[in-house]
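Below are the chains, spelled out letter by letter.
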Amino acid sequence: MTEEGEKLSDLNPESGPLGGSAVKAHSHGDSHGGGVGVPDSSRAGRLTSYKLADFPLITGREEDWRFTPLKRLRGLDRVGVKGQELNGPAPVVAVTKPDAVTVETVGRGDARIGSAGIPEDRVAAAAWEHFAEATVVTLPAEYQGTADDVTTLTLTGAGDTPAASHIVVHAKKFATGVVVLDHRGTAVLSENVEVLVEDGANLTVVSIQDWNDDAVHASGQHISVGRDAKVKHVVINLGGNLLRTTPSARYTGPGGEVEMYGLYFADAGQHLEQRLFVDHSTKNCKSRVTYKGALQGDGAHAVWIGDVLIRKEAEGTDTYEMNRNLILTQGARADSVPNLEIETGMIEGAGHASATGRFDDEQLFYLQSRGIQEDVARRLVVRGFLNEVIQHIKVPALEERMRDAVERELAAGAL
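Residues numbered from 1 in each chain as written. Predicted model: local features only at pLDDT ≥ 70, side-chain atom pairs only at ≥ 80, totals over all residues. Heavy atoms only, no water.

A.B. asks: Lay out the overall build of the chain with the relevant residues and their values.
C.D. replies: A tally of helices and strands in the chain yields 5 helices and 19 strands. Relative to its full complement of 415 residues, the chain shows a buried share of 58%. Accessible surface computed for the chain: about 16,300 Å², of which carbon and sulfur atoms make up 48%. (Helix = DSSP H or I, 4+ residues; strand = E, 2+ residues; numbered from the N terminus. Buried < 20%, exposed > 50% of the residue type's maximum accessible area, 1.4 Å probe, protein only. Areas by Shrake-Rupley, 256 points an atom, 1.4 Å probe, with all protein chains shown as cover.)

Here it is, written out as structure tokens:
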């Protein structure tokens, strides 16, 4: 492999996230196991644990944290140090759903908690240890929801005291449906989201971060994909001071498919960070990743890290990831790092692409040559650029909302 960021890994798959002793040590309640892997190694061996004490203090020199302005995390990275806690109230959850879908509030000991993933960093582990109750969404077996039968959890922040929350979305065998997590208000929140998709299910999960300007939100999102299951995972990062979203997808049976889409629009002073991991650990699975973002204003900063691992036993894998960033003004910055690790040559295909740039002068010239004013032409280019992601949501009401949000961002920047 010759592209930057690609490497061959010789690490044992048993040492990886959700592999080997990590799963065997898992027990429900307050005393979970975990603690496997090596910090800052290949993603094949990255440390995962339910225990905060297993993670060293974050310095900012670690690969996982080198782009994150730690001082702006408002203490989420310092839990357990000098009395720092996550003792604020969790966001208030309001639910709209079809009758067949169940939404429950459960205690820490519920057997479904911990089914889809293990915390992969210190902030996520702190949230695991400190959440008091979890919200569990269940789509029953063979439930067939449509774009009009959306389950929406509106999570409204309860203030600026650091807090923890936990959400589980469970699609049982052959279920089909859409679940939306809509974050609003003011919060300093560390959150874990588990998405468990059983065999043959087809689930869309949309995570919208449209917080007030002062919000800080770190969300570890763990996706478990069953045999012949399909998952569409959409992250939309708009409002907030600092947003750090870390989705991870893993396959538990052959034939699984994952589509991961992301849309973000960073304004002056905002830090929007997206770190993804797709772990191909079984045969004949497919993944597609498409993240696109626009940035405007002094100090606007977007980070996208895309890690894809194809393990030795994952023959027949088909994967591709892409990130595109559009810089609209001076003073904005985008960091984009695709990484691809391949441990077997017996695959259908694997690739990645990343690009960051300004407006295409030829596009602007073409539109202006047809009588469209420059400011209008620029808006049309941005809308078209981001609409590629919006149109994949396939929920008309949400798509319209996202187009309106883009219009507001453009208007705020007076583009």
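From this point, the narrative continues.
A.B. asks: Requested: an account of helix α2 (residues 122–130), with residues and values cited.
C.D. replies: In terms of residue burial, α2 counts as a mostly covered element, since 7 of its 9 residues are buried. What α2 keeps buried is the set Arg 122, Val 123, Ala 124, Ala 125, Ala 126, Ala 127 and Trp 128. Against the buried residues of α2 lie β3 (48–49), β7 (150–171), β8 (176–197) and β10 (216–225). The residue sitting at the N-terminus of α2 and contributing the capping side-chain oxygen is Asp 121; that oxygen lies 3.1 Å from the backbone nitrogen of Val 123. (Contact = heavy atoms within 4.5 Å. Polar contact = N/O pair within 3.5 Å; in protein donor to acceptor, adjacent residues only side chain to side chain.)

A.B. asks: Got a sec to walk through the pattern of salt bridges? Specific residues and values, please.
C.D. replies: Any two side chains of opposite charge can pair, on the condition that their charged atoms come close. Within the structure shown, the criterion is met by 21 salt bridges. For Arg 227, the salt bridge goes to Asp 228, with nearest N and O atoms at 4.0 Å. In this structure Arg 227 comes out as partly exposed when scored by relative accessible area, which is 45%. Judged by relative accessible area, which is 46%, Asp 228 ranks as partly exposed. The salt bridge involving Glu 273 is made with Arg 244; its shortest N-O contact spans 3.0 Å. (Salt bridge = Lys/Arg side-chain N within 4 Å of Asp/Glu carboxyl O.)

A.B. asks: Account for the environment of Ala 377, naming residues and giving values.
C.D. replies: Following the sequence through the fold, Ala 377 ends up in helix α4 (residues 374–390). Beyond its immediate chain neighbours, meaning those up to four positions away, Ala 377 contacts Leu 364, Leu 367 and Ile 372.

A.B. asks: If you had to explain unusual backbone geometry to someone new, which residues and values would you point to?
C.D. replies: Within the chain, Lys 82 stands out as a residue other than glycine whose phi angle is a positive 50 degrees. Secondary-structure assignment places Lys 82 in the loop between β3 and β4 (92–96). Since its relative accessible area comes to 85%, Lys 82 is described here as exposed. For Asp 228, which is not glycine, the phi torsion reads 55 degrees and is therefore positive. Within the secondary structure, Asp 228 is located in the loop between β10 and β11 (230–239).

A.B. asks: Could you give me a rundown of the packing of aromatic side chains, with the residues and numbers involved?
C.D. replies: A complete count under the given rule lists 2 aromatic pairs for this structure. Between the aromatic rings of Tyr 50 and Trp 128, the centroid separation amounts to 4.7 Å while the plane-to-plane angle is 55 degrees, which identifies the pairing as tilted. With Tyr 50 in the loop between β3 and β4 and Trp 128 in helix α2, this pair connects stretches of sequence that are 78 residues apart. Classification of Tyr 50 as buried rests on a relative accessible area of 2%. Geometrically, the ring pair formed by Trp 128 and Phe 131 is edge-to-face, given 6.0 Å between the ring centres and 80 degrees between the ring planes. Members of the aromatic cluster, joined through ring pairs, are Tyr 50, Trp 128 and Phe 131. Against the face of Phe 131 rests Arg 108, its NZ or CZ located 4.4 Å from the ring centre. Here the basic side chain of Arg 244 rests over the ring of Trp 65, its NZ or CZ set 3.6 Å away from the ring centre. (Phe/Tyr/Trp six-rings, centres within 6.5 Å; stacked < 30°, edge-to-face > 60°. Lys NZ or Arg CZ within 6 Å of the ring centre and 35° of its normal.)

A.B. asks: Break down the pairing of β7 for me, citing the residues and quoting the values.
C.D. replies: By the criterion of burial, β7 is predominantly enclosed, with 17 of the 22 residues buried. As paired strands, β4 and β7 are joined by 5 bridges and run antiparallel to one another. When the bridges of β7 are listed, Ala 94 appears paired with Thr 154. Alignment of strand β6 (residues 133–139) against β7, held across 5 bridges, turns out to be parallel. Each residue of the ladder has a partner; that of Val 136, found in β7, is Val 168. (Pairing = 2+ DSSP bridges.)

A.B. asks: I'd like a rundown of the nonpolar core, residues and numbers included.
C.D. replies: Note on soluble globular proteins: their nonpolar side chains tend to be buried together. Leu 139, Val 197, Leu 203, Met 260 and Leu 295 are the most contacted members of the largest nonpolar core, which totals 53 residues. Of all the elements, β8 adds the most residues to this core, at 7 residues. (Core = buried A, V, L, I, M, F, W, Y, C linked by side-chain atoms within 4.5 Å.)

A.B. asks: If you had to explain the side chain of Glu 191 to someone new, which residues and values would you point to?
C.D. replies: Tracing the backbone through its elements, the reader meets Glu 191 in strand β8. Buried charged residue Glu 191 carries no salt bridge. Nearest counter-charge: Arg 244, at 12 Å. A distance of 2.7 Å separates a polar atom in the side chain of Glu 191 from a polar atom in the side chain of Ser 219. Not counting the four nearest positions on each side in its chain, Glu 191 is found in contact with Ala 127, Leu 155, Ser 165, Ile 167, His 183, His 217, Ala 218, Ser 219 and Gly 220. (Lys, Arg positive; Asp, Glu negative; His and termini not counted.)

A.B. asks: If you had to explain the confidence of the model for the chain to someone new, which residues and values would you point to?
C.D. replies: Here the chain averages 89 in pLDDT, and 88% of its residues register 70 or above. The model gives residues 1–33 a pLDDT under 50, and that stretch makes 80 contacts with residues more than four places away or in other chains. (pLDDT = per-residue confidence, 0-100.)

A.B. asks: Account for α4, naming residues and giving values.
C.D. replies: Taking 1.5 Å of rise per residue, 17 residues should cover 24 Å, and α4 covers 24 Å from first to last C-alpha, within 8% of that figure. For α4, the full list of buried residues reads Ala 377, Arg 379, Val 381, Val 382, Phe 385, Leu 386, Val 389 and Ile 390. (Expected span 1.5 Å × (residues − 1).)

A.B. asks: Quick rundown of the packing of helix α3 (residues 361–368) against α4? Include the residues and the values.
C.D. replies: α4 packs onto α3 with a crossing angle of 125 degrees between their chain directions and a minimal axis gap of 9 Å. Our classification of the angle between α3 and α4 gives oblique. Crossing hand, α3 versus α4: right-handed. Along its contact with α3, which presents Gln 363, Leu 364, Leu 367 and Gln 368, the element α4 presents Glu 374, Ala 377, Arg 378, Leu 380 and Val 381. Among the residues making up the contact of α3 with α4, the classes are represented as 5 nonpolar, 2 polar and 2 charged. (Axes fitted to C-alpha atoms, helices over the stretch in contact; angles between N-to-C directions. Parallel < 35°, antiparallel > 145°, perpendicular 65-115°, else oblique. Left-handed = near helix turned anticlockwise from the far one by under 90°. Nonpolar A, V, L, I, M, F, W, Y, C, P; charged D, E, K, R; others polar.)

A.B. asks: Describe the environment of Arg 78, naming the residues involved and giving the relevant values.
C.D. replies: Topologically, Arg 78 is positioned in the loop between β3 and β4. Each C-alpha atom of the pair Arg 78 and Val 123 lies 8.3 Å from the other, and the pair is 45 residues apart in sequence. Once residues within four sequence positions are removed from consideration, Arg 78 is found in contact with Leu 57, Ile 58 and Gln 84.

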